[in-house]
Amino acid sequence: MALDRNPSSVAVAVNETKRNAPESRKSIVQTDPRHSWDRPVGSVESLATIDRPPSDAEELPSSKIYHPLSPHVLALLMPSSIFGALARLGLQALTTYNGQSVFALAYVQATGCFIMGIALGMRAPFGRYFVGFCGSLTTFSGWQVDVFDSWVNASQYPRGGLQNFLDGLTKTWVTLVVSLASLSFGVHICGLVAPYFPAPRSPSRVVRYALTIASVLAYAATFPAYFCLPSDFRHQATAALLFAFPGTLSRYLLSIYLNQRSKYFPLGTFAANATGTALLGLFHVLQGLPSSVSPTTCSLLQGLGDGYCGCFTTVSTFAAEVVALGGWKAWLYVVISWCGGQLLLLIIMGTSFWAGHVNERTTCAFNAS
């Protein structure tokens, strides 16, 4: 009789606990497909779906399932890339000043990874759309070039080789720590707040088409902004906005077609980060040529670096994948990505600098004399 009573008493206790638990707590433990904060973010199974829209595998209603190449999905990358690039440039301008204690990109990576953590906590369906914004806000190529500039002392500070090494090393580990911590903090905050809010409903057909049209118009507006606004804005922002969406789209396509090939190594993100780093290094070399380059060309090179490469490469998705991999796979991914980026810059920028044909500092003149 005792053996019969114990299981029933446990069941009664569990049922009593459930009855006494607040409704918000119940929403955490239930397996409702409309809510995704009850599913783990850090798992190798999620590597191929971080950048993808909701799919059949997530057991969502058909109204919330979108093809990765759906016009509605691709169109939403347009405003996310524009606002991500603007936020990055604005944060860098705001946090760059004389006597600053923290390098400007640290704020950018921390902010983007924090929002990425919230987006991963939300997951379906709208959380995924913030991934494009976070990927455009954070920049892997900018991080790599910033570290390499410290190695070679591109700013020509009065310091020795040991200080150059320490500066580059600091930018390396601080970026890694801040990005991973911000991502985890974002997931934690989402887990605390999300259960108290209802799951967002899927937009109606009319809303989807309205958002698609508005997104296309938002990107179309970058062309008159570049040509009609004063030329001083071109190298500061408007040139970058022209190339923001192509960069985000390139990264998205690589992640869609390559990340799913391996659950243990994100080939798409790695290819995007490596290629974008190489391109940004090349653009920096072209901006340091001693021969005169027109102000328009200088602005376009700056726009390609800030817009295309900045949105093509990402630290937020990189950090999410590191967390998902875990263990030695995560460390291998970090080492290969970081060493690969530095090796590419050594070949492209280092050889150009040390051959004496290119200045470490930008010689481009953005304004016509």
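Keep in mind the model is a prediction, meaning the values are calculated, not measured.

**Q** Requested: an account of the overall build of the protein, with residues and values cited.
**A** Along the protein, the regular secondary structure elements total 14 helices and zero strands. Listed by position from the N terminus, the elements making up the protein come as α-α-α-α-α-α-α-α-α-α-α-α-α-α. Buried positions account for 46% of the 369 residues belonging to the protein. Contacts spanning at least 24 positions in sequence make up 79% of the contacts within the protein whose residues lie at least 6 apart. Accessible area of the protein: about 17900 Å², with a carbon and sulfur share of 67%.

**Q** So what's going on with the pattern of salt bridges? Which residues, and what values?
**A** Side-chain pairing between opposite charges can occur once the charged atoms of the two side chains come close. Going through the model one piece at a time under the given rule, you end up with three salt bridges. Here Asp 146 and Lys 171 are joined by a salt bridge, their closest N and O atoms 3.2 Å apart. Of this pair, Asp 146 sits in helix H6 (residues 140–152) while Lys 171 sits in helix H7 (residues 161–193), and the two are 25 residues apart along the sequence. For Asp 167, the salt bridge identified is with Arg 159, shortest N-O distance 3.3 Å. Overall, the relative accessible area of 23% leaves Asp 167 in the partly exposed class. Each of Asp 146, Arg 159, Asp 167 and Lys 171 takes part in a single network of salt bridges with overlapping partners.

**Q** Just give me the short version of the side chain of Ser 80, but keep the residues and values in it.
**A** The residue Ser 80 is located in helix H3 (residues 71–94) in this model. Ser 80 sits in the buried class, given a relative accessible area of 8%. Among the polar contacts made by the side chain of Ser 80, one reaches the main-chain carbonyl oxygen of Leu 77 at a distance of 2.9 Å.

**Q** Account for the side chain of Asp 306, naming residues and giving values.
**A** When you line up the elements, Asp 306 lands in helix H12 (residues 295–312). Arg 88 provides the closest opposite charge to the buried, salt-bridge-free Asp 306, at an N-O distance of 4.9 Å. If we ignore the near neighbours within four places in the chain, the residues touching Asp 306 are Arg 88, Leu 89, His 235, Ala 240 and Cys 311.

**Q** Before we move on, can you summarise the confidence of the model for the protein with the specific residues and values?
**A** Per-chain confidence: the protein averages 81 in pLDDT, with 79% of residues scoring 70 or above. Residue range residues 1–42 is modelled with pLDDT below 50. Its contacts to residues more than four positions away, or to other chains, number 38 contacts.

**Q** For the environment of Gly 281, give the residues involved together with the corresponding values.
**A** Along the chain, Gly 281 falls in helix H11 (residues 267–287). A residue is classified by how much of its surface remains accessible, and Gly 281, at 0% relative accessible area, is buried. Each C-alpha atom of the pair Gly 281 and Leu 346 lies 9.1 Å from the other, and the pair is 65 residues apart in sequence. Among all residues touching Gly 281, those that are not within four sequence positions of it are Leu 345, Ile 348 and Met 349.

**Q** Give a detailed account of the nonpolar core, specifying residues and quantitative values.
**A** Counting 27 residues, the largest nonpolar core has Met 116, Trp 143, Leu 183, Phe 318, Val 322 and Tyr 333 as its most contacted members. Those elements that place two or more of their residues in this core are helix H4 (104–122), helix H5 (129–137), H6, H7, helix H13 (316–325) and helix H14 (327–354). Sorting elements by how many residues they give to this core places H4 first, with six residues. Ignoring anything within four residues of it in the chain, the contact list for Phe 318 reads Phe 140, Trp 143, Leu 176, Thr 269, Asn 273, Tyr 333, Val 334 and Ser 337. Within the second largest apolar cluster, 16 residues are counted, among which are Phe 148, Leu 280, Phe 283 and Cys 309.

**Q** So, a nonpolar patch on the surface: which residues are in play, and what are the values?
**A** Residues Leu 162, Phe 165, Leu 166, Leu 169, Trp 173 and Val 177 make up a contiguous nonpolar surface patch of about 590 Å² in total accessible area. Its place among the elements puts Val 177 in helix H7. On the basis of relative accessibility, which here comes to 47%, the residue Val 177 falls in the partly exposed class.

**Q** Kindly report on the environment of Ser 299, identifying the contributing residues and their values.
**A** In this fold, Ser 299 is placed in helix H12. We classify Ser 299 as buried; its relative accessible area is 2%. Once the C-alpha coordinates of Ser 299 and His 235 are considered, the two residues, 64 residues apart in sequence, prove to be 4.4 Å apart. Among all residues touching Ser 299, those that are not within four sequence positions of it are Arg 234, His 235, Ala 239 and Phe 366.

**Q** Got a sec to walk through the packing of H6 against H7? Specific residues and values, please.
**A** At a minimum axis distance of 7 Å, the contact between H6 and H7 shows a crossing angle of 160°. The orientation of H6 relative to H7 falls into the category roughly antiparallel. In this structure, H6 uses Trp 143, Asp 146, Val 147, Ser 150 and Trp 151 to contact H7, whose residues at the interface are Asn 164, Phe 165, Asp 167, Gly 168, Leu 169, Lys 171, Thr 172, Thr 175 and Leu 176. Of the residues that constitute the contact of H6 with H7, the class distribution is six nonpolar, five polar and three charged.

**Q** So what's going on with helix H8 (residues 205–220)? Which residues, and what values?
**A** The end-to-end C-alpha distance of H8, which contains 16 residues, comes to 23 Å, matching closely the 22 Å that a straight helix rising 1.5 Å per residue would cover. Taken as a whole, H8 has its buried residues at Arg 208, Thr 212, Ser 215 and Tyr 219. Buried residues of H8, seen end-on, are gathered within an arc of 65° and therefore sit on one face of the element. Across from the buried face of H8, at angles greater than 90 degrees, the exposed residues are Val 206, Ile 213 and Leu 217. Looking at the buried residues of H8, the elements they touch are H3, helix H9 (222–228) and helix H10 (234–258).

Conventions and cut-offs
- Residues numbered from 1 in each chain as written.
- Predicted model: local features only at pLDDT ≥ 70, side-chain atom pairs only at ≥ 80, totals over all residues.
- Heavy atoms only, no water.
- Helix = DSSP H or I, 4+ residues; strand = E, 2+ residues; numbered from the N terminus.
- Buried < 20%, exposed > 50% of the residue type's maximum accessible area, 1.4 Å probe, protein only.
- Contact = heavy atoms within 4.5 Å.
- Areas by Shrake-Rupley, 256 points an atom, 1.4 Å probe, with all protein chains shown as cover.
- Salt bridge = Lys/Arg side-chain N within 4 Å of Asp/Glu carboxyl O.
- Polar contact = N/O pair within 3.5 Å; in protein donor to acceptor, adjacent residues only side chain to side chain.
- Lys, Arg positive; Asp, Glu negative; His and termini not counted.
- pLDDT = per-residue confidence, 0-100.
- Core = buried A, V, L, I, M, F, W, Y, C linked by side-chain atoms within 4.5 Å.
- Patch = residues over 30% accessible without salt bridge, like charges linked within 9 Å, V, L, I, M, F, W, Y side chains within 5 Å.
- Axes fitted to C-alpha atoms, helices over the stretch in contact; angles between N-to-C directions.
- Parallel < 35°, antiparallel > 145°, perpendicular 65-115°, else oblique.
- Nonpolar A, V, L, I, M, F, W, Y, C, P; charged D, E, K, R; others polar.
- Expected span 1.5 Å × (residues − 1).
- Arc of directions from axis to C-beta.

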